[in-house]
Structure formats: C-alpha cells, structure tokens
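# Structural overview
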Amino acid sequence: MIYADKSAGIIVAGATGRQGAFHIALMNEYAKMVGGTGVVAGVTPGKGGQVASGVPVYNSIREAMADIDAEVSVIFVPATAAGDSIMESANAGLSLAVTITEHIPVHDTMKAIAFAKLHDCAVIGPNCPGMLSPGEIKLGIMPSHLFSRGNIGVISRSGTLTYEIVDELTKAGLGQSTVVGIGGDPVIGQTFSDVLRRFEEDPQTKAVVLIGEVGGALEEEGARCTDLPVAAYIAGISAPPEKRMGHAGAIIEGGEGDARSKIERLRKMGVPVASRPSEIPGIIKKIL
Amino acid sequence: MKFLEHEAKSVFSDNGIPVPRGFLIHSADELAGNLEQLPPEFVLKAQVDVGGRGKAGGILMADRKNGVENAKALFGKSIKGVAVKEILAEERLEIQREYYASIAVDRSTKEALILFTEEGGVDIEILARERPSAIRRASIPLLMTEIPPFMLRDLLGEAPREAGRVLQSLYTAFCRKDAVLAEINPLVTTPAGLFAADAKLIVDDNALRRQGISCNRDMTDREREAERHGFSYVELEGNIGVIGNGAGLTMATLDLISFFKGKAANFLDVGGGADQERVMHAVRLVAGVPSVKVIIVNLLGGITRCDEVARGIIAAGISQEVIVRLAGTNEEEGRSLLNERGYRMLDSMEEAVRAAVEAVR
C-alpha cells in the first residue's frame with residue numbers, strides 16, 4: 001500500500017456533479033467494507049451547506065478543513081477549473097490530489113503540478129481512474145470487484161486496460177498491493193518513476209506491472225530507476241504516427257515514443273514485455 | 001491544432017517578433033492588384049500543412065514580372081496531396097545568418113523546453129541526433145512570467161542580443177496561446193535586422209475553446225462527427241471496425257487484431273458511460289465506413305450495463321456482423337438479447353478479436 005492508508009480522510013472536489021456524487025457513494029461503500037475513513041467532505045464553490053451522497057458539502061477546501069481532518073482529495077471538477085482545484089488542494093496542505101478530470105488544458109496542468117510541488121503535494125493524473133489499494137483504500141473510479149489483495153503493484157496510463165489486466169492477475173491468483181492509474185495525458189503528476197520509488201519502500205510490493213502506451217519515454221525512465229522485478233505491456237504498437245489515439249498522451253510525435261522502439265528499449269534493460277495482456281500473469285509468476 | 005505559417009506569423013508579430021512584410025492571397029488576380037505593396041523580389045509560399053514543403057515545390061521565388069504567373073502555377077498544384085488554396089506573398093530576405101528557436105511542452109520535466117541553436121536552417125532533428133551539443137536547452141516552469149536573464153545568456157551564446165528579445169516574445173506567445181509548440185526555423189539576421197522567416201505554432205486541443213477556436217481543422221468530417229458524440233475516433237486502413245471504451249483498451253484491441261494478422265479499420269473510444277444511445281451512434285458511425293466488413297465491440301467497465309449496450313447494438317440495425325465482448329453488470333441479460341438477434345458475444349477480448357479476424361478471412 002502506497003500514498004494513503006485506510007485511515008486517510010478524503011475530500012471530493014466537484015462533489016455535487018453527477019460523477020462526483022456517484023463516486024462518493026462508491027468510495028464510501030468501499031471504505032465501509034474495509035473499515036476505512038472514506039470521503040469526509042465534498043467541495044463545490046457556491047454549494048456549501050448541501051449534502052452529496054450523505055457527505056457535507058463546503059464552498060472551499062479551507063472551509064472543509066476547519067471542520068474535518070483530511071489528507072487527500074479526489075478531483076472531479078470540470079476541465080477549465082481542475083487546475084485550480086489541484087492548487088487549492090496543495091495550498092490547504094493535502095498530501096495527495098487525485099485528478100480524474102480529462103481534457104484539462106496542458107498549461108493548466110503544468111502550472112498546477114509546479115505549484116503542488118512547492119507545497120509537497122503529489123498529483124496523480126489528470127485524466128486518470130485514480131488508485132486502489134485492495135483492502136485499504138479506493139481513491140477514484142476503479143471497479144473494486146475485479147481487485148484482490150496481494151503483492152503485485154500496477155502502474156498504468158490507461159483506465160479500462162488496467163481493469164482488464166487486473167482482472168487477469170486476480171484470476172491467476174496474483175493479488176495487488178496498489179494499482180495506480182497515472183493518467184493518459186502528455187503531462188501528468190506522478191510518473192512511472194515516482195510511483196516505482198514508492199513501491200520500493202513498500203514491504204508489501206514484490207513485483208510491478210507497468211502498463212504503458214505510445215508517446216513519450218516515461219515507461220523507460222521508470223524501468224531504469226528501479227530494482228524491483230518489473231513486467232510491462234505497451235499499448236499502441238499498431239498506432240499510426242501523429243494521430244491521437246484517444247488519450248492526448250498516446251500520440252507518436254516526430255517519431256518519438258513509438259511502441260516498437262519503446263518495447264525494444266525496455267527489453268534491452270532486461271524488462272520482459274508482454275505482447276498480449278493475457279501474457280502478463282505468466283511473466284509475473286516467472287519473475288517473482 | 002496546427003496553425004498555418006501566416007497565422008503563426010501573425011500571432012508572433014502581435015507579440016513583438018519581427019516577421020517579413022507580406023500578405024495572404026487566395027488567387028493570382030489578388031496578387032496582380034497588390035504587386036506594388038511588395039518589393040521587386042519576393043517569395044510565394046503555399047499555405048499547406050505538410051513537412052518538407054520547400055522541397056516538394058511549395059515555395060517559389062518571384063518578381064514583379066513573373067509573380068502572377070508563378071502564383072497561378074502554384075495555385076494549380078497540390079503539395080504532397082494537399083491542394084494549394086492560400087499563398088503567402090512575402091518580401092525576399094537578404095539572409096546573413098540563420099538560427100533556430102523553439103519552445104515546447106516537455107513531458108518528462110513537465111516544464112516548457114526552450115531550444116536555441118546558432119546552426120539554424122538545417123534539419124533540427126538531424127542536428128539533434130548528430131551534434132546534440134550544438135543545441136542549447138533550458139527548462140522553464142510555466143509559473144515564470146518571463147525567461148530570466150541568465151537563462152537567455154546561456155541560450156544565446158554568441159548570437160545577437162535581439163535574439164534574446166525574440167525568445168522572450170516567443171515565450172509570451174507560447175504562454176498566451178496555450179501552445180504545445182512555438183517554433184521559428186529559421187530565425188534570420190539580415191541587413192535590416194532579425195526576422196522570423198518561417199513560423200510554426202501548435203495550440204493545445206484542450207484549450208481551443210478558450211482560445212476562441214470553434215472548429216479543429218486537423219480533423220476529418222467523420223472525426224468531427226465522432227467528436228460531437230464525445231468519441232475519440234481515428235480512421236485506419238483495414239476492414240475490421242473497432243469500438244472500445246477507454247483509449248488503452250481500444251488501442252490494445254487494435255494491437256491484438258494486428259497480432260492475429262488482421263487489419264483494423266478504425267479506432268473508436270466511446271469514452272465513459274457507454275449507454276444505449278451512445279453505443280448505437282458509435283456502431284452506426286463505424287458501419288458507415290465503406291471498408292468495414294465486421295465490427296468488434298469491446299467494452300469493459302464496472303458500471304457499464306451490458307443490457308443497455310446490447311440494446312444499442314441492436315438499435316443500430318446495421319448489415320455487418322457484430323462481435324461483442326462485454327463485461328460489467330447485467331451480463332447475462334445482455335448476452336441473451338444479443339444471442340436472440342444472432343450477434344455473437346464472447347467472454348474474453350482475445351476470443352472476440354480472433355473471431356473478428358476469422359470472420360473477414
């Protein structure tokens with residue numbers, strides 16, 4: 001388990017929206033099951049005093065923090081205000097801002113991440129499904145029924161593809177320590193390297209699955225900096241250059257970050273790369 | 001979205017970067033009526049978004065005698081498959097020296113990366129590969145409102161001080177326009193001073209609205225239609241239509257198709273909340289691509305309701321075969337709905353992809 005344990009109080013920013021309210025309920029259902037604190041407050045400017053899925057709503061994180069104890073935020077606010085919400089979380093002293101929102105302008109993301117760093121606040125996302133440590137805490141929108149507790153860490157740029165691979169792991173009897181969706185945008189807060197560093201300090205995690213995509217070189221950077229046994233899957237081997245494959249990050253720019261050369265670089269570092277998601281459990285069993 | 005040269009130059013000029021005198025024309029006649037506004041010798045530059053435009057014949061030298069004729073010839077051409085509809089007619093510069101300057105979003109530092117080299121006018125990618133030390137780099141957090149003096153000194157080396165002002169203005173333009181790339185290649189010195197001889201600007205697609213841009217020109221009509229429904233859509237060259245939820249899963253579906261030696265016709269990510277209506281639109285959109293012989297629908301999600309998805313597929317009422325992989329709630333109901341209508345629903349993504357590849361063989 002990394003980033004947060006079950007005792008962490010959660011603030012949901014964008015609590016009164018359809019998505020926010022819906023996922024407050026699911027996160028609290030999970031917290032109840034594992035005996036965790038769960039979501040203690042929602043925040044939506046101008047809607048203070050309302051209640052969202054049984055949780056009190058405040059106008060600002062600062063206002064909420066006067067009443068309750070919280071360590072992390074999960075952000076569902078619309079794209080144009082999400083950068084602001086990350087900065088508000090950091091400024092209020094939260095240690096983690098999990099940003100689910102997609103389509104945030106990249107300059108907003110860059111500014112918010114730089115600001116959060118000044119306040120020692122880690123940002124997961126944006127454009128991500130959040131994270132889940134089975135039996136401990138769920139921050140975000142991952143479907144918890146596919147997960148099981150164990151020793152495998154998972155770091156992924158995707159959402160549903162993560163669920164696919166977690167499902168394969170669970171069916172193969174390989175439980176997970178923490179599964180982190182780091183997000184599909186070109187600029188994200190916590191990268192493969194950052195999460196891997198946390199996994200190295202986590203006694204529960206014995207091996208890590210990296211689920212990458214075309215674009216950039218974050219997967220290789222991560223694999224280079226860790227001593228943990230790592231297996232990888234890279235999506236987008238059939239992606240044409242200069243075309244954005246859904247995720248803004250999944251684009252091959254100027255010949256950089258195409259899947260074939262990414263896979264080759266990883267293999268050269270000694271990282272086994274699966275050619276199909278279904279091969280992951282077999283590889284993990286071998287390297288454990 | 002990529003800006004054309006003349007659009008990028010006008011943005012740069014608004015931010016204080018000197019650009020050559022010139023104007024945009026839409027026909028050779030338009031040039032004939034305005035010849036006196038240009039110096040005796042000038043250039044005609046096709047406004048098409050293709051790489052290697054000069055080598056492909058998109059840039060012609062001209063003077064007052066042959067200008068109209070050359071413009072006529074250029075308007076009749078297509079450059080690497082793109083028809084010339086606009087030409088930038090511009091003064092010819094007396095180039096003494098060429099530099100390269102750019103500012104781009106850097107994924108790994110999460111900051112803006114400024115590049116400058118005194119060896120401009122060459123292919124920057126080749127220079128970066130062969131002599132990386134010739135390119136000076138600086139990383140600047142976007143919290144900074146301007147480039148600090150030490151950074152400018154480090155970047156410029158022996159280049160004239162005016163180049164520092166250009167870099168400063170380029171940074172301002174980069175920030176104001178939500179750019180992912182702002183590039184001047186080449187930045188040239190002439191007896192009349194420093195000029196941006198060419199200009200490139202790419203604006204973040206997620207910031208188009210606040211930049212006042214309503215329509216993304218980089219998209220095809222079908223991609224735009226897909227966007228209206230909230231789908232991410234890319235057209236490819238095969239015959240297997242692909243619909244998935246989530247970019248990674250959809251990409252992995254495409255990869256599996258090519259693993260089993262099939263060819264995908266498209267990438268379509270329906271996004272979150274795949275309900276009946278959205279699935280129907282997605283299926284119809286993909287079925288409308290003439291080359292599509294079979295469609296694979298691969299949807300996985302905790303909250304996806306399989307019966308809703310099944311109803312969407314049935315409501316689309318298309319002629320092609322649809323192979324479905326669904327995992328979520330109400331799976332059994334979805335399966336029996338689909339089976340009743342003769343659609344195949346399979347349990348794993350690999351089985352479904354294999355079935356789709358076999359169906360087109």
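None of the values given here were measured: they were computed from a predicted structure. (Residues numbered from 1 in each chain as written. Chains lettered and ligands numbered in written order. Predicted model: local features only at pLDDT ≥ 70, side-chain atom pairs only at ≥ 80, totals over all residues. Heavy atoms only, no water.)

## A short note on the overall build of chain B
Rules: Every helix listed is a DSSP run of H or I at least four residues long, and every strand listed is a run of E at least two residues long, numbered separately from the N terminus. We compute the radius of gyration from the C-alpha atoms alone; for a globule the expected value is 2.2 Å times N to the 0.38, where N is the number of residues. Only protein chains enter the accessibility calculation, which uses a 1.4 Å probe; a residue is then buried when its area is under 20% of its type maximum, exposed when over 50%, and partly exposed in between. Two residues qualify as a contact provided that any one of their heavy atoms is within 4.5 Å of a heavy atom in the partner residue. Residues scored as charged are limited to Lys and Arg (positive) and Asp and Glu (negative), so that His and the chain ends carry no count. Taken as the charge location is NZ of Lys, CZ of Arg, CG of Asp or CD of Glu.
The helix and strand inventory of chain B stands at 12 helices and 19 strands. For chain B, the C-alpha radius of gyration of 26 Å lies well beyond 21 Å, the compact-globule estimate for 361 residues. With the C-alpha coordinates of chain B rotated into their principal frame, the extents come out at 80 × 50 × 40 Å. Across the 361 residues that make up chain B, the buried fraction comes to 54%. When contacts within chain B are restricted to residue pairs at least 6 apart in sequence, long-range pairs at least 24 apart make up 65% of them. In chain B, the 45 positive side-chain charges and the 53 negative ones have mean positions that sit 2 Å from each other.

## Considering the packing of helix H5 (residues 149–156) of chain B against helix H6 (residues 161–176) of chain B
Residues and elements named next belong to chain B. To keep it simple, the criterion reads: Here an axis means a line fitted to C-alpha atoms, over the contact stretch when the element is a helix, while the angle between two N-to-C directions is reported on a 0 to 180 degree scale. Roughly parallel refers to an angle under 35 degrees, roughly antiparallel to one over 145, roughly perpendicular to one between 65 and 115, and oblique to any angle outside these ranges. By convention, the crossing between two helices is left-handed when the near helix turns anticlockwise from the far helix through less than a right angle, and right-handed when the turn is clockwise. Residues are grouped as follows: Ala, Val, Leu, Ile, Met, Phe, Trp, Tyr, Cys and Pro are nonpolar; Asp, Glu, Lys and Arg are charged; all remaining types, including Gly, are polar.
Taken N-terminus to C-terminus, the directions of H5 and H6 make an angle of 120 degrees; their axes are 10 Å apart at the nearest point. With respect to each other, H5 and H6 are oriented oblique. At the point where H5 passes H6, the crossing takes the right-handed sense. The residues of H6 that touch H5, namely those facing Leu152, Leu155 and Leu156, are Ala163, Gly164, Leu167 and Gln168. Its residues assigned to classes, the contact of H5 with H6 comprises five nonpolar, two polar and no charged.

## Describing the pairing of strand E11 (residues 176–181) of chain A
All names here are of chain A. Selection criterion: Strands are treated as partners if at least two bridges between them are detected by DSSP. Looking down the strands as they point away from the viewer, one classifies a crossover as right-handed if the path from the first strand across the helix to the second runs clockwise.
By the criterion of burial, E11 is predominantly enclosed, with six of the six residues buried. Sheet topology places strand E8 (residues 130–133) next to E11; three bridges connect them, and they run antiparallel. Bridged to methionine 131 within E11 is valine 180. Handedness of the strand E10 (residues 149–156)-helix H5 (residues 160–171)-E11 crossover: right-handed.

## Describing unusual backbone geometry
Cis geometry is found at the peptide bond from glycine 125 of chain A to proline 126 of chain A, where omega equals 5 degrees. Assignment of secondary structure puts proline 126 of chain A in the loop between strand E7 (122–124) and E8. In the segment running from asparagine 185 of chain B into proline 186 of chain B, the intervening peptide bond is cis, with an omega of 5 degrees. With respect to the helices and strands, the residue proline 186 of chain B is situated in strand E11 (residues 179–190). Located in the positive-phi region is lysine 110 of chain B, a residue other than glycine, with phi close to 65 degrees.

## Notes on the pattern of salt bridges
Put simply, the test is: Definition used for salt bridges: Asp or Glu carboxyl oxygen within 4 Å of a side-chain nitrogen of Lys or Arg.
In total, this model carries 33 salt bridges over all chains according to the counting rule given. Note that glutamate 220 of chain A is salt-bridged to lysine 262 of chain A, the shortest N-O span being 3.3 Å. Of the two residues, glutamate 220 of chain A is situated in helix H7 (residues 218–224) and lysine 262 of chain A in helix H8 (residues 259–268); the sequence distance between them amounts to 42 residues. Both residues of the pair, glutamate 220 of chain A and lysine 262 of chain A, belong to the buried class. Shared partners join several salt bridges into a network, and the residues in it are Glu5, Lys9, Lys45, Arg53, Glu90 and Asp198 of chain B.

## Quick look at the interface of chain A and chain B
Let me state the cut-off plainly: For any pair of parts, buried area is found by adding up, for both, the accessible area (1.4 Å probe) each one loses once the two are put together. Here a polar contact is recorded for every N or O atom pair within 3.5 Å, except that within protein the pair must consist of a potential hydrogen donor and a potential acceptor, and residues adjacent in sequence are included only if both atoms are side-chain atoms.
Each partner contributes residues to the interface: chain A has 54 residues there, and chain B has 44 residues. Approximately 3,800 Å² of surface area, both sides summed, lies buried where chain A meets chain B, with 61% of it carried by carbon and sulfur atoms. It is His107, Met110 and Met245 of chain A that lose the most area in chain A upon contact with chain B, and together they represent 17% of the buried surface on that side. Residue arginine 325 of chain B is joined to glutamate 164 of chain A by a salt bridge in which the shortest nitrogen-to-oxygen separation is 2.7 Å. On the surface where chain A and chain B come into contact, there are 13 residue pairs in polar contact (both at pLDDT 80 or more). Elements with a minimum of two residues in the side of chain A that touches chain B: helix H4 (106–118), H5, H7 and strand E13 (230–235) of chain A.

## Topic: the layout of surface pockets
Short version of the rule: In this analysis a 1.4 Å probe is tested at points of a 1 Å grid over the protein atoms alone, and where it fits but cannot get out there is a cavity; an open set with protein on both sides within 12 Å along at least five of seven lines is a pocket; lining residues have an atom within 4 Å of a point. Grid points are joined across faces, edges and corners, and a volume is the space filled by probe spheres set on the points.
Empty space within the second largest pocket amounts to approximately 590 Å³. As for the second largest pocket, its lining consists of 28 residues, of which Lys117, Gly189, Gln190 and Asp194 of chain A together with Lys110 of chain B are closest to the centre. Where the lining of the second largest pocket is concerned, the elements lending two or more residues are H4, E7, helix H6 (192–200) and H7 of chain A. Ranked by residues supplied to the lining of the second largest pocket, first place goes to H4 of chain A with six residues. Taken together, the residues of the lining of the second largest pocket sort by class into 12 nonpolar, seven polar and nine charged.

## So, the environment of proline 272 of chain A
Here proline 272 of chain A lies in the loop between H8 and strand E14 (273–274). Put simply, proline 272 of chain A and isoleucine 283 of chain A are 11 residues apart on the chain and 7.3 Å apart in space, counted from C-alpha to C-alpha.

## As for the confidence of the model for chain B
Threshold: Note: pLDDT gives the predictor's confidence per residue, expressed from 0 to 100.
Taken as a whole, chain B shows an average pLDDT of 93; of its residues, 99% reach a score of 70 or greater. Averaged pLDDT values for the elements of chain B fall to 83 in strand E17 (residues 294–305) of chain B and rise to 98 in helix H1 (residues 5–14) of chain B.

## Observations concerning the packing of aromatic side chains
Residue and element names in this part refer to chain B. The following threshold applies: Two rings belonging to Phe, Tyr or Trp (six-membered ring only in the last case) form a pair when the distance between their centres is within 6.5 Å. Interplanar angles under 30 degrees mark stacking, angles over 60 mark edge-to-face geometry, and anything in between is tilted.
Counted under the stated rule, the structure contains two aromatic pairs over all chains. Each ring, one from tyrosine 99 and one from phenylalanine 116, has its centre 5.7 Å from the other, and the planes form 20 degrees; the classification is stacked. Taken together, the residues span a long stretch of sequence, with tyrosine 99 in strand E8 (residues 97–106) and phenylalanine 116 in strand E9 (residues 111–117) at a distance of 17 residues. Tyrosine 99 gets classed as buried once you look at its relative accessible area, which sits at 4%. Taken together, a centroid distance of 5.2 Å and an interplanar angle of 90 degrees make the contact between phenylalanine 259 and phenylalanine 260 edge-to-face. With a relative accessible area of 32%, phenylalanine 259 lands in the partly exposed category. Its relative accessible area of 15% is what places phenylalanine 260 among the buried residues.

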